[in-house]
Amino acid sequence: TSEFSQFGSGITNYFKFLKWCSWVMFVLSMLHSPILFVNTFGSNDKIALSLTAASTTFGNLGSASNGSVDIPGCDETEFQFSHCEIEKNKLAIMYAYIDVIGTIFFIVAWLWLRKFEAKESRVLNRSTVTASDYTVRLTKVPEDTTEKELAIHFAETTGQPVAAVHLAFNNAKEIDMYVQRGKVMQQRHKCVQRIRYEKTMMKENKGQRKRLRKLMREREDLTLLV
């Protein structure tokens, strides 16, 4: 098991996923290196002189009128080859095969990762001891029951000491009310800031005094809602 198994399967699977990404990218890089190598030494002078990522693309092999591509590093006199060129049609077929192999490899690697992560979770759940393994969840407990009474009951029933008892309350409505109250307080804060702005930029005109009275009433209404 991993050294991080004590933190759960989520942590271990995360680091295993990073390792998986590294290996997959390494294999795909090696697999596609011939494509990058051939493209980089293409015959398109405009792209080759730019020294950009475009030099690694298929467009760097030259115009469509040129039906063949020179094989980089090939010397007819040294290796006694009849020719050091390859037709673009054959080169395109080779590129297609490499892409298909890379796609198949990635799909197989992804399926293996899914299976491995599921297996990792099962193994850690069996081999790792957590507090949840010794936790009991009860539903439909009488409303007047206290935590102390539950602890005494289970201690007498099982003959083992109870570490802790916690009662969970259905306070969703109360939480929603606090959320709404927070929104009202935010509105009141904005209203107070507008009042301060109006007082700072106070001008003796009827329109501004009317806006200020309106903001004051709005602040009082929001204060009541809070």
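Before reading on, note that the structure itself is shown above.
Residues numbered from 1 in each chain as written. Predicted model: local features only at pLDDT ≥ 70, side-chain atom pairs only at ≥ 80, totals over all residues. Heavy atoms only, no water.

Caption draft 1: Local environment of the overall build of the protein chain. A count of helices and strands for the protein chain gives seven helices and two strands. Listing the helices and strands of the protein chain from first to last along the sequence gives α-α-β-α-β-α-α-α-α. The 226 residues of the protein chain split such that 18% are buried. Of the contacts made within the protein chain by residues no fewer than 6 positions apart, 44% connect residues no fewer than 24 positions apart. With an accessible surface of roughly 18,200 Å², the protein chain has 60% of that area assigned to carbon and sulfur atoms. (Helix = DSSP H or I, 4+ residues; strand = E, 2+ residues; numbered from the N terminus. Buried < 20%, exposed > 50% of the residue type's maximum accessible area, 1.4 Å probe, protein only. Contact = heavy atoms within 4.5 Å. Areas by Shrake-Rupley, 256 points an atom, 1.4 Å probe, with all protein chains shown as cover.)

Caption draft 2: Structural view of the environment of Arg137. With respect to the helices and strands, the residue Arg137 is situated in the loop between α4 (88–127) and α5 (147–158). Separated by 29 residues in sequence, Arg137 and His166 have C-alpha atoms that sit 9.9 Å apart.

Caption draft 3: Summary view of the packing of helix α6 (residues 172–200) against helix α7 (residues 206–225). Interaxial distance between α6 and α7 falls to 9 Å at its minimum, and their mutual angle equals 155°. Relative to α7, the element α6 lies roughly antiparallel. Both α6 and α7 take part in a crossing whose hand is left-handed. On α7, the residues touching Val184, Gln187, Arg188, Cys191, Val192, Arg194, Ile195, Glu198 and Lys199 of α6 are Gln208, Arg211, Leu212, Leu215, Met216, Glu218, Arg219, Leu222, Thr223 and Leu225. (Axes fitted to C-alpha atoms, helices over the stretch in contact; angles between N-to-C directions. Parallel < 35°, antiparallel > 145°, perpendicular 65-115°, else oblique. Left-handed = near helix turned anticlockwise from the far one by under 90°.)

Caption draft 4: The side chain of Thr145, seen in detail. Structurally, Thr145 is set in the loop between α4 and α5. With relative accessibility at 15%, the residue Thr145 sits in the buried group. Within the structure, the side chain of Thr145 is placed 3.1 Å from the backbone oxygen of Pro142, a separation counted as a polar contact. The contact partners of Thr145, leaving out residues within four places of it in the chain, are Leu150 and Leu167. (Polar contact = N/O pair within 3.5 Å; in protein donor to acceptor, adjacent residues only side chain to side chain.)

Caption draft 5: Examining the pattern of salt bridges more closely. If you walk through the whole model with that rule in mind, you get three salt bridges. The residue Glu218 makes a salt bridge to Arg194 at a minimum N-O spacing of 3.4 Å. With Glu218 in helix α7 and Arg194 in helix α6, this pair connects stretches of sequence that are 24 residues apart. Take Glu218: its relative accessible area is 31%, and that puts it in the partly exposed class. The class of Arg194 is partly exposed, set by a relative accessible area of 37%. For the salt bridge of Glu198 with Arg211, the shortest nitrogen-to-oxygen distance reads 3.7 Å. (Salt bridge = Lys/Arg side-chain N within 4 Å of Asp/Glu carboxyl O.)

Caption draft 6: Examining helix α1 (residues 9–40) more closely. For α1, built from 32 residues, the straight-helix expectation of 46 Å at 1.5 Å per residue is met to within 8% by its first-to-last C-alpha distance of 44 Å. The largest bend along α1 measures about 45° and falls at His32, with the proline Pro34 one to four residues further on. What α1 keeps buried is the set Thr12, Asn13, Trp20, Val24, Leu28, Ile35, Val38 and Asn39. (Expected span 1.5 Å × (residues − 1). Bend = angle between axes of the 7 residues up to and from the residue.)

Caption draft 7: Structural detail: the side chain of Glu198. For Glu198, the position within the fold is in helix α6. Classification of Glu198 by relative accessible area gives buried; the value is 11%. Setting aside residues up to four positions removed in sequence, Glu198 forms contacts with Gln208, Arg211, Leu212 and Leu215.

Caption draft 8: How the structure looks around the nonpolar core. If you look at the biggest cluster of nonpolar residues, it comprises seven residues: Ile35, Val38, Leu61, Val69, Leu91, Tyr95 and Ile98. Judged by nonpolar contacts, the second largest core, of six residues, contains Val184, Ile195, Leu215 and Leu222. (Core = buried A, V, L, I, M, F, W, Y, C linked by side-chain atoms within 4.5 Å.)

Caption draft 9: Region of interest: unusual backbone geometry. Unlike most non-glycine residues, Lys140 shows phi in positive territory, near 60°. Position of Lys140 relative to the elements: it lies in the loop between α4 and α5. Of the residues examined, Lys140 reaches a relative accessible area of 84% and is grouped as exposed.

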